[in-house]
Amino acid sequence: MTEAWELLVRAYHAAPGITEDILARPQVGSWAAHTLRRLRNGRPDPVPLWLDVGYLHALAAASAVRAGVSFELDIPARHSTAVLPTVGAASVPPDVEVVRVRAGGGQAEVETSARTVRCRPGDPDWHGPILIEVRADGAGLRVELLDRDLYRDLRSPSPPQPLSESEITAWRADLARSWALLVREQPGLAQAIAGIVRTLTPVPRRERFRPLSASGTEAFGGILLSQPDDPLQLAVTLVHESQHQKLGALSHLLTLCEADDRLRYYAPWRDDPRPLPGLLQGAYAFAGITRFWRVHRQQAPPGERAATDFEFALWRRQALGVLRVLATSGRLTGHGQRFVDTLHAELNACQEDDVPAAERDAAHAAALDHHAMWRGHNIRLDPADHDALAAAWQQGAPVADAILAGAAKVRAEPPVGLLDARAVLRRYLLFDPDAFNRLGATPDQVGERVSGATAADLALVAGDVERARAGYLGELRQDPLSVHGWVGLGLAQVDQAADPATRALLGRPELVLAVVQGLQSRGSATVAPDPLELAGWVGTGLRDRQLDSVDPAGWLAI
């Protein structure tokens with residue numbers, strides 16, 4: 001390592017700006033954090049330590065190449081690739097773990113026992129960096145697409161996934177259009193993004209309206225994201241992740257909240273319960289997204305206005321609700337309280353903006369849907385409560401107040417829930433009605449295009465409530481523990497908020513599921529003569545329950 005360090009110092013003296021640019025790259029932060037964790041935990045690892053620690057050699061070599069320093073140095077190779085960050089990557093034989101880099105006279109090469117790769121265009125085994133620079137109205141954004149660097153993924157070292165020329169072309173086009181939209185409509189946000197984002201790590205396209213994106217405090221300036229559906233979605237993702245980056249940087253300077261690893265909270269943009277710092281991160285990100293939609297809906301083409309109204313109405317509601325939970329959690333520091341109060345005031349002002357009734361009602365239903373699905377998917381009652389509920393139902397007794405007020409727990413790491421299936425269908429309807437109609441032409445196959453969705457969901461989103469109700473009842477006959485079916489049944493009568501069954505299905509579905517589990521444990525052959533009768537029995541004890549009430553104290557994780 002001494003040789004690498006000395007070369008890095010030489011490169012810095014020759015060109016300090018270049019060396020600092022390389023060392024500040026997001027993937028370098030990911031590498032440093034990963035390698036330090038590995039060195040500290042001391043657990044056996046099948047990957048030789050050199051292949052991680054040796055990345056310092058690659059950083060030194062890359063700095064020296066760009067600074068014009070002559071040298072020879074070994075660097076690691078993995079997955080048939082040797083990377084010089086910001087310079088490029090060489091394809092090497094799969095069994096090679098060490099390559100020799102030489103530089104001098106303005107030229108560099110990577111040598112293996114098989115052949116020497118020239119670090120310049122024209123060599124078939126050399127791959128230069130993928131740089132994209134877009135401009136609009138004098139404002140520019142410059143990013144590097146990372147497809148070969150082992151440490152480009154925020155989660156763990158990952159094998160290269162080379163982008164094709166057509167994929168690179170698509171990214172260039174989407175970024176150009178997204179950037180033009182941001183500069184035109186929200187120049188302040190665009191300026192912040194340009195100052196933050198340095199690298200994008202593409203991952204394969206996901207289902208429509210279900211993009212993946214992530215960023216982390218260890219890799220400031222880097223975003224991992226799936227190929228977007230369109231430039232608008234990419235613009236939203238850039239806003240979202242730049243918000244995370246800003247708050248991550250602030251969190252290095254100030255403590256905003258007191259974390260408790262035992263507690264988890266409801267986040268309306270996640271399927272899993274979140275610790276308080278994660279909840280604060282999400283609130284800040286979606287406050288930015290709310291501001292984005294607030295502006296964009298005023299300038300969207302007429303055909304997109306309903307969709308943008310829906311997104312604005314949904315996220316202003318969701319973000320404000322979480323800010324209220326944060327403000328009353330009792331776990332914010334003084335800095336954190338002022339931070340949340342400022343966001344709360346901004347989001348509260350958004351509530352005064354008028355949204356057409358149809359889109360406002362759709363956003364209301366989507367919010368209730370996710371909250372109820374989350375509760376049914378994540379909250380767990382004590383097995384003794386299951387039995388007590390089943391016994392009370394069979395005896396015709398009311399639900400015990402102690403159970404209604406009891407302290408439930410949540411699963412810290414639940415399986416994938418697909419809690420947004422109906423919201424995805426709503427977006428199909430609003431953003432692309434023709435595509436929604438194509439889904440509706442073969443309702444029994446909708447789950448192949450939208451994972452977790454059913455024919456009943458299609459009917460509900462299309463406004464055919466009776467068909468939707470019949471479909472959900474059919475789902476419950478097949479699987480009495482279907483959270484999707486129970487919540488869907490509640491959504492089919494969302495306009496009857498005072499109905500006890502609606503209160504139970506959309507406010508406390510975990511209680512309904514607990515009754516069913518108790519009945520099954522008791523060997524009951526049927527759940528109930530009518531699922532709505534069972535839900536109504538549970539809901540009778542929830543007279544003062546708001547459908548979307550969230551506990552600011554959080555839940556203990558199991």
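Placed above this text is the structure.
About the thresholds
- Sequence order as written defines residue numbering, which begins from 1 separately in each chain.
- A pLDDT threshold of at least 70 governs which residues receive local features in this predicted model, and a stricter bar of 80 or more applies before side-chain atom pairs are shown or counted, although totals over entire chains, interfaces and linings include all residues.
- With hydrogens and water excluded, all non-hydrogen atoms of the structure serve as input to the side-chain values.
- Elements are defined by DSSP. Helices are runs of H or I of four residues or more, strands are runs of E of two residues or more, and each kind is numbered from the N terminus.
- As a reference, a globule follows 2.2 Å times the number of residues to the power 0.38, and the radius of gyration itself is taken over C-alpha atoms.
- Burial classes follow relative accessibility: with a 1.4 Å probe on protein chains only, a residue under 20% of its type's maximum area counts as buried, one over 50% as exposed, and anything between as partly exposed.
- The contact definition used throughout considers only heavy atoms, calling two residues in contact when any of these lie within 4.5 Å.
- For the purpose of charge, His is not counted, nor are the chain termini; Lys and Arg are scored as positive and Asp and Glu as negative.
- For charged residues, the charge sits on one atom: NZ in Lys, CZ in Arg, CG in Asp, CD in Glu.
- Under the pairing criterion, centres of Phe, Tyr and Trp rings, with the six-membered ring standing for Trp, must be within 6.5 Å; the plane angle then separates stacked pairs below 30 degrees from edge-to-face pairs above 60, leaving the rest tilted.
- Each patch is built from salt-bridge-free residues with over 30% relative accessible area, joining like charges within 9 Å and nonpolar side chains (Val, Leu, Ile, Met, Phe, Trp, Tyr) within 5 Å.
- A 1.4 Å probe and the Shrake-Rupley method give the accessible areas. Residues count as covered only by the protein chains that appear here.
- We define a salt bridge as a side-chain nitrogen of Lys or Arg found within 4 Å of a carboxyl oxygen belonging to Asp or Glu.
- In this analysis the probe radius is 1.4 Å and the grid spacing 1 Å, with only protein atoms considered; a cavity is a set of points the probe fits into but cannot get out of, a pocket is an open set with protein on both sides within 12 Å along at least five of seven lines, and lining residues have an atom within 4 Å of a point.
- Grid points are joined across faces, edges and corners, and a volume is the space filled by probe spheres set on the points.
- Every angle, taken between N-to-C directions, lies between 0 and 180 degrees, and every axis is a line fitted to C-alpha atoms, over only the stretch in contact when it is a helix.
- Here roughly perpendicular refers to angles of 65 to 115 degrees, roughly parallel to angles under 35, roughly antiparallel to angles over 145, and oblique to all remaining angles.
- For any helix crossing, the convention is left-handed if the near helix is rotated counterclockwise from the far helix by under a right angle, and right-handed if that rotation is clockwise.
- Polar here means any residue other than Ala, Val, Leu, Ile, Met, Phe, Trp, Tyr, Cys and Pro, which are nonpolar, and Asp, Glu, Lys and Arg, which are charged; Gly is therefore polar.
- Here a strand pair is declared whenever DSSP counts at least two bridges between the two strands.

Undergrad: Which parts of the structure should I look at to understand the overall build of the protein?
TA: Looking only at helices and strands, the protein has 23 helices and 16 strands in total. For a compact globule of 558 residues, the expected C-alpha radius of gyration is about 24 Å, and the protein comes in at 27 Å, within 12% of that figure. When the backbone C-alpha atoms are referred to their principal axes, the protein occupies close to 90 × 55 × 50 Å. Taken across its 558 residues, the protein has 53% of its residues classed as buried. Look at the contacts in the protein between residues 6 or more apart in sequence, and 68% of them connect residues 24 or more apart. Side chains of the protein give 58 positive and 68 negative charges; the mean places of these two sets differ by 2 Å.

Undergrad: Explain the packing of aromatic side chains to me, please; I cannot follow it from the model alone.
TA: Pairs of aromatic rings are described using the distance from one ring centre to the other and the angle between the two planes. Under the defined criterion, the tally for this structure stands at 11 aromatic pairs. Note on Tyr 284 and Phe 339: the rings are 5.4 Å apart at their centroids and 50° apart in plane angle, and the pair reads as tilted. Within this pair, whereas Tyr 284 is found in helix α9 (residues 276-299), its partner Phe 339 is found in helix α11 (residues 334-350), the two being separated by 55 residues in sequence. Since its relative accessible area comes to 17%, Phe 339 is described here as buried. Between Phe 286 and Trp 315, the aromatic rings sit 4.6 Å apart at their centres with planes inclined by 35°, giving tilted as the arrangement.

Undergrad: Whenever I open this one, the environment of His 13 confuses me. Can you help?
TA: Examined against the element boundaries, His 13 turns out to sit in helix α1 (residues 2-14). Taking C-alpha positions, His 13 is 29 Å from Ile 132, a pair spaced 119 residues apart along the chain.

Undergrad: I would appreciate a short explanation of a nonpolar patch on the surface in the present structure.
TA: A cluster of nonpolar side chains, namely Leu 36, Leu 39 and Leu 49, defines an oily patch on the protein surface of about 260 Å² accessible area. Note on placement: Leu 36 falls in helix α3 (residues 26-41). The class of Leu 36 is partly exposed, set by a relative accessible area of 42%.

Undergrad: What's the story with empty space enclosed by the protein in this structure? I'm lost.
TA: Any empty space left between the atoms is revealed when a probe the size of a water molecule rolls over them. A full pass over the atoms with the stated rule returns 3 cavities of 30 Å³ or more. Counted as a void, the largest cavity has a volume near 160 Å³. Taken together, 15 residues make up the lining of the largest cavity; nearest its centre are Pro 76, Arg 78, Thr 81, Val 83 and Leu 150. Elements with a minimum of two residues in the lining of the largest cavity: α5 (55-67) and β2 (81-84).

Undergrad: When you look at the packing of α9 against α11 in this model, what are you seeing that I'm missing?
TA: Axis angle and axis distance: for two packed helices, these are the angle between their axes and the distance between the axes, and together they describe the pair. With their axes 11 Å apart at the nearest point, α9 and α11 run at an angle of 30° to one another. Judged on the interaxial angle alone, α11 and α9 are roughly parallel. Considering how the two elements wind past one another, α9 and α11 form a crossing that is left-handed. On α11, the residues touching Leu 280, Tyr 284, Ala 287, Thr 290, Arg 291 and Arg 294 of α9 are Phe 339, Val 340, Leu 343, Glu 346, Leu 347, Ala 349 and Cys 350. Taken together, the residues that form the contact of α9 with α11 break down as 9 nonpolar, 1 polar and 3 charged.

Undergrad: Honestly, the sheet that holds strand β1 (residues 71-76) in this entry has me stumped. Any pointers?
TA: Strands pair in a sheet through their backbones, by hydrogen bonds, and they do so in one of two ways: parallel or antiparallel. Ordered by their spatial adjacency, 4 strands build an open sheet running β1-β4-β5-β6, and the pairing between neighbours is antiparallel. Edge strands, defined here as strands with exactly one partner in the open sheet, are β1 and β6 (116-118). Going across the sheet, the axis of each strand differs from the next one's by a mean of 25°, ignoring polarity. The sheet contact formed by β1 and strand β4 (residues 98-104) spans 6 bridges and is antiparallel. Paired with Asp 74 across the two strands is Arg 100, which belongs to β4. Sheet strands touched by α5: β1, β4 and β5 (107-111). Its angle to β1, the strand with the most contacts, is close to 145°.

Undergrad: When you look at the packing of α3 against α5 in this model, what are you seeing that I'm missing?
TA: Running from N to C, α3 and α5 point in directions that differ by 155°, and their axes come no closer than 11 Å. Here α5 runs roughly antiparallel to α3, going by the angle between their axes. As α3 packs across α5, the resulting crossing turns out to be left-handed. Within the contact between the two elements, α3 uses Gln 27, Val 28 and Trp 31 and α5 uses Tyr 55, Leu 56 and Leu 59. A class-by-class count of the residues in the contact of α3 with α5 yields 5 nonpolar, 1 polar and no charged.

Distances and angles like these do not, on their own, reveal function.
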